[in-house]
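# Descriptive structure summary
Residue strings, one per chain:
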Amino acid sequence: MKKPKRSTRQRAVEKFVDIMRNGHDLQLTLGQTGGPSWDLTNGMHVPTETAKLITVHYQVEPCGDALFGDTTSQTYRHKSPWPKLT
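First, a word on scope: everything that follows refers to the structure included in this document. The model shown is predicted, which means the values in this text are computed figures rather than measured ones.

All right, on to helix H1 (residues 8–21) then. Look at H1: 20 Å from first C-alpha to last across 14 residues, which is about the 20 Å you get at 1.5 Å a residue. Residues of H1 that are buried: Val13, Phe16, Val17, Ile19 and Met20. All buried residues of H1 fall inside an arc of 155 degrees around its axis, so they share one side. Taken together, the buried residues of H1 touch strand E1 (26–29), strand E2 (37–40), strand E3 (45–46), helix H2 (48–55), strand E4 (60–62) and strand E5 (75–78).

The structure is reproduced here in structure tokens:
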């Protein structure tokens, strides 16, 4: 049986989650010219639609930081059984 083809966005999500598995976090920056921006801590920009899918990925978890108490987290990291190396 053939494997179903993955969309370009699915491949992008997998690529970014793999980078996050290696210790980089996904962060939302607010208030910049041009609006909110999603970036990895290694400096890679993540398109908004892709970031939305990453934040609900089963291997990614919010870190709990938010500008306001009633909003979602602004930082997400890979769920790992090992402590993050700094």
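This brings us to the side chain of serine 73. Looking at the secondary structure, you find serine 73 in the loop between E4 and E5. Within the structure, the side chain of serine 73 is placed 3.4 Å from the backbone nitrogen of cysteine 63, a separation counted as a polar contact.

Before going further, it helps to examine the nonpolar core. Core analysis: the biggest nonpolar cluster contains 14 residues, and Met20, Leu26, Trp38, Leu40, Val46 and Ile54 have the highest contact counts within it. For this core, the secondary-structure elements that each account for two or more residues are H1, E1, E2 and H2. Counting residues per element, this core draws most heavily on H1, at 5 residues. Discounting residues that sit within four places of it in the chain, valine 46 has contacts with Phe16, Leu26, Trp38, Asp39, Leu40, Ala51 and Ile54.

Analysis parameters
- Residues numbered from 1 in each chain as written.
- Predicted model: local features only at pLDDT ≥ 70, side-chain atom pairs only at ≥ 80, totals over all residues.
- Heavy atoms only, no water.
- Helix = DSSP H or I, 4+ residues; strand = E, 2+ residues; numbered from the N terminus.
- Expected span 1.5 Å × (residues − 1).
- Buried < 20%, exposed > 50% of the residue type's maximum accessible area, 1.4 Å probe, protein only.
- Arc of directions from axis to C-beta.
- Contact = heavy atoms within 4.5 Å.
- Polar contact = N/O pair within 3.5 Å; in protein donor to acceptor, adjacent residues only side chain to side chain.
- Core = buried A, V, L, I, M, F, W, Y, C linked by side-chain atoms within 4.5 Å.

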